[in-house]
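So you can see what is in the structure, the chains are spelled out below.
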Amino acid sequence: MKLQIRNVSKEYRIGRDRRFTALREVSLDFQGGELISILGESGSGKSTLMNLLGGLDRDYQGEIRLNGQDIHKYSEKELDHYRRNRIGFIFQSFNLIPHLSVLDNVTIAMTLSGASQEEREERAREILEEVGLGDQLRKKPSQLSGGQKQRVAIARALINDPDIILADEPTGSLDTETSAQILEILRKIPAMGKLVIMVTHSQQVAALSSRIIRISDGRIVEDRKVTEPLGTSELVQGGSGKKNKTLSFLAATRLALKNMAEKPGRNILVSLGASIGITSVILMLSIGSGVKEYMTSTMNQYVNPLVVEVNMKAEEGGGSEPANPGSLMMAEKKPFEEADLEKLAAIPKVSLLEKAWSSTSFTDFKITAGEEEYPFQNLASLSANITSENVAAGSLPGEGEILVAASLFPEDPESHLGEEITLTWRLEGKEKTGTYRISGLFGEISSTGMENFHYVYMNYQDLEDLAGSSLAANTIYLSAASEEDVPGIKEAVADLGYEGSMEEKLLAMFTEMLDVMTYILTAIAAISLVVSAIMILVVLYISVVERTREIGVLKAIGARRKDIRSIFLGESFLIGLSSGLVGVISAVLLGQLINSFTQRLYDTDLVLFTLSAILFGLGVSITISILAGISPAARAARLDPVESLRRE
Ligand code: ADP
Ligand code: MG
């Protein structure tokens, strides 16, 4: 293994147009097995030279050739590979990653080269054993002494079996005794055929190396051989066949998780904040489906789904949607004429056209049963609209019988079955009365759904007898053979200018209210999602700033831009996942609370959770979080390793 430096010069830009020359025309030849000490005053250019040799800085003149290949001509990818597999860095300030254990600090360099977990751990244990740390694997760097930290750093530098070890003042922060121990370890490395280049201030340290190079003001002023090389160059032929996979998503997420675990408070708060938007998204979707479900089931419970109710358009208000249900109920229905009936009968797929009559009033109808009076609001003829399926108890009425909404009787409606009652109808100022038997109850026995609006049904003939005159049909029921035909018939009815049932109008109104509610919830959701995206963005930017040095270290040990990006995107993925989970949990809890209220009031669940709503919420959370992470992750990936490492 040969490392040749040819005419290398390095200038730093200072300000806009001033330059400072840190290295001038440096030429050196190294080979495997040597232990080099570089000596020189502070500021003489030692670290600069190390950074160039380590592939951390590409901005220089000249050539650096490893086994004849000029690394200056390497692509970024090749240079990453070079740093990862050919170079091991050791720093004066150790530069261990604080939130990783001793073992993880060593394996991370191998993680970057895509080795398998067992392979990594086995090799890391072996090397840590060699540097005398076999029993400290689970400790965090903060729990180690300086000498121990530097041993971890040496193990990390060796893990990928590099050709060259670059140590920038490795004993600079250590006392004499510890320095001697570290030096002892470093002296064993050239025996494996590797090249060790070490910057030092200490004459004693330098005396133990095989060659001393003195640098002053960016120039080599002395190059002295002390002993023969400590190993043979031929032992190492370069790690060319090494795996070169990118950091896997799983590994990146694992690293991100370890970092996030260091700041649990902050990450929990962010997840809580970001979950508000997710909660409202899920609730919004679930309330929508719950209300729709409730309304259709209510409609089907009261009417035959195969039958379409048709009414003449109310005259007042120009035939548009009435403003409130009160005016809708009070308006007396207009009767149909022959021409209307012909038009309706001509609608395709209509299997039966039935005339019916009904009247709505809040003052004109009541039933007297024994001593009790029960006012009701809608008197109607029986038609195909009501089938025995709509009868909750008893049967459909025959002659002299009526079908009564179960909700008319507040207590024990079934006790009224078969009862003889008097029905009073105030018609054009005169009271008409008749005696009927209650043959059946309509609607749900326990339902309190439409509790203030009660129906009574009887046969058309009985109705005319009670009125004492013939009644012109003011409602038409169109029957379809199958439910699939119903929407088409409804559409045709609307196109002809007729109206549907009152329930349908109520449904339309509810839907409108629901839409307004959905808009409000959507706005809340959108605003809070934007807020959480910004929050995540800020937190990740802070994380990048806090971890600048760590990013520098990762780059020095061979992390690609892609790897750095993956780690930060892994972090935003985790934030998204956790805020999504918090959002789902709080949506379910809130939904249950809402349902316990609506159960009491309407005997139904208003919030209906669907798997798709929950998955959608989770998906939105993760997507937003990852989108928010893109820019901080890119910033982290772009950081200059040399700058990052200099940061205190
Ligand atoms: P040392 O031998 O102490 O390790 P360095 O290689 O770190 O010295 O620095 C050599 C010279 O280059 C010093 O004078 C230093 O101030 C200068 N220098 C180092 N990095 C930069 C930089 N990023 N911008 C400008 N000057 C720099
Ligand atoms: Mg230095």
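Please refer to the structure placed before this passage.
Counting restarts for each chain, with residues numbered from 1 along the sequence as it is written. As they are written, the chains are lettered A onward and the ligands numbered 1 onward, keeping that order. At least 70 in pLDDT is required for a residue's local features to be given in this predicted model, at least 80 for side-chain atom pairs to be given and counted, and no such filter applies to totals for whole chains, interfaces and linings, which use all residues. As a rule here, side-chain values cover all heavy atoms of the structure and leave hydrogens and water aside.

### What about helix α5 (residues 146-158)?
Spelled out, the test is: Put simply, DSSP marks the helices as runs of H or I at least four residues long and the strands as runs of E at least two long, and each gets a number from the N terminus on. In this analysis, the expected span of each helix is defined as 1.5 Å times one less than the number of residues it contains. Only protein chains enter the calculation, and the probe is 1.4 Å; a residue is then buried if its accessible area is under 20% of its type maximum, exposed if over 50%, and partly exposed in between. Note on contacts: a residue pair qualifies if any of its non-hydrogen atoms lie within 4.5 Å across the two residues.
Here α5 spans 19 Å end to end across 13 residues, near enough to the 18 Å set by a 1.5 Å rise per residue. Along α5, ten of the 13 residues are buried, which leaves the element largely enclosed by surrounding structure. Among the residues of α5, Gly147, Gln150, Arg151, Val152, Ala153, Ile154, Ala155, Arg156, Ala157 and Leu158 are the ones counted as buried. Buried residues in α5 make contact with β6 (87-90), α3 (102-111), α4 (117-130), β7 (164-168), α6 (176-188) and α15 (548-556).

### So, the site of ligand 1
Defined as follows: Throughout, the term near means that a residue has one or more heavy atoms lying within 4 Å of the molecule or strand in question. Counting of polar contacts relies on pairs of N or O atoms within 3.5 Å, with two restrictions inside protein: one atom must be capable of donating a hydrogen and the other of accepting it, and residues adjacent in sequence are counted only when both atoms are side-chain atoms. Surface exposure here means Shrake-Rupley accessible area, sampled with a 1.4 Å probe, where a residue is shielded only by the protein chains that are shown. Lys, Arg, Asp and Glu make up the charged group, whereas Ala, Val, Leu, Ile, Met, Phe, Trp, Tyr, Cys and Pro make up the nonpolar group; the residues left over, Gly among them, are polar.
Near ligand 1 you find 13 residues, and of these Gly43, Lys46, Ser47, Thr48 and Arg646 are the closest. Within the side chain of Ser47, an N or O atom sits 2.7 Å from an oxygen atom of ligand 1. If ligand 1 stood free it would expose 560 Å²; the protein chains cover 71% of that surface. Within the residue set of the shell around ligand 1, elements represented by two or more residues are β2 (18-31), α1 (46-53) and α18 (641-646). Class assignment of the residues belonging to the shell around ligand 1 gives a composition of three nonpolar, six polar and four charged.

### With respect to the sheet that holds strand β12 (residues 350-356)
As a reminder, the rule being used: Criterion used throughout: strands pair if DSSP finds at least two bridges between them. Here an axis means a line fitted to C-alpha atoms, over the contact stretch when the element is a helix, while the angle between two N-to-C directions is reported on a 0 to 180 degree scale.
Ordered in space as β11-β20-β12, the three strands form an open sheet in which the pairing is antiparallel. The sheet is open, and its two borders are formed by β11 (307-311) and β12, each paired with just one other strand. Across the sheet, the axes of successive neighbouring strands diverge by a mean angle of 25°, strand direction being ignored. In this sheet, strand β20 (residues 475-480) lies alongside β11 in antiparallel orientation, the contact comprising five bridges. In the strand pairing of β20, Asn311 is matched with Thr475. Taken strand by strand, helix α11 (residues 338-345) contacts β11, β12 and β20, and its axis lies near 155° from that of β12.

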